[in-house]
Amino acid sequence: EGKGLVGCMRALVLFAVAIYLGITVGPIYYSNFNLENGVKTTASRAGARFFTDEMIIAEVMDLARRDDIRIKKENVLIDRFAGQVHIKVSYSVPVDFIVVERDLNFKIEASSFIGTL
């Protein structure tokens, strides 16, 4: 409840941990959010303009570079099926929490209809 010295100290420690986690993990999730929106936009443009797989991969790599996300070409998979372009991006970001280091794994999937006549 936060009553007394022990409760006050506990609340302050929890508040400090929450701020630390927000500062450490927040920018990573924000970059992932931006990359996800960019990949969705790329998928819709790829379907409308008939991009090649190489063009799509290059654009996704450029989007990742803008958001300071380190991915390789092998992390980007392009699949064309039933009139759609499917883009899958999988990557992980190592995060050092003072006592333990963990990898945050992200998987982005986007698809779009290809305009056919």
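In what follows, the structure referred to is the one given above.
All values reported here derive from a predicted model rather than from experimental measurement. (Residues numbered from 1 in each chain as written. Predicted model: local features only at pLDDT ≥ 70, side-chain atom pairs only at ≥ 80, totals over all residues. Heavy atoms only, no water.)

Undergrad: For the overall build of the protein, give the residues involved together with the corresponding values.
TA: A tally of helices and strands in the protein yields two helices and three strands. For the protein, the succession of helices and strands along the chain, N to C, is α-α-β-β-β. Here the C-alpha radius of gyration of the protein, 20 Å, is well above what a compact globule of 117 residues would show, namely 13 Å. Each principal axis of the C-alpha distribution contributes one length, and for the protein these read about 75 × 25 × 20 Å. Here the protein holds 117 residues, and the buried ones make up 33% of them. Here the contacts in the protein between residues at least 6 apart in sequence split such that 54% fall between residues at least 24 apart. Accessible area of the protein: about 8200 Å², with a carbon and sulfur share of 60%. (Helix = DSSP H or I, 4+ residues; strand = E, 2+ residues; numbered from the N terminus. Rg over C-alpha atoms; globule rule 2.2 N^0.38 Å. Buried < 20%, exposed > 50% of the residue type's maximum accessible area, 1.4 Å probe, protein only. Contact = heavy atoms within 4.5 Å. Areas by Shrake-Rupley, 256 points an atom, 1.4 Å probe, with all protein chains shown as cover.)

Undergrad: So what about the environment of Ser 92? Which residues, and what values?
TA: Residue position: Ser 92 is located in strand β2 (residues 84–97). Classification of Ser 92 by relative accessible area gives partly exposed; the value is 36%. Spatially, the C-alpha atoms of Ser 92 and Val 17 are 23 Å apart, while their sequence positions differ by 75 residues. Apart from the residues within four sequence positions on either side, Ser 92 is in contact with Asp 103, Leu 104 and Asn 105.

Undergrad: Just give me the short version of the nonpolar core, but keep the residues and values in it.
TA: The biggest cluster of nonpolar side chains holds 27 residues, and the ones touching the most others in it are Ile 71, Ile 87 and Val 89. Not counting residues up to four positions away in its chain, the partners in contact with Ile 87 are Val 39, Thr 42, Ala 43, Ile 56, Val 60, Val 76, Leu 77, Ile 78, Ile 108, Glu 109 and Ala 110. (Core = buried A, V, L, I, M, F, W, Y, C linked by side-chain atoms within 4.5 Å.)

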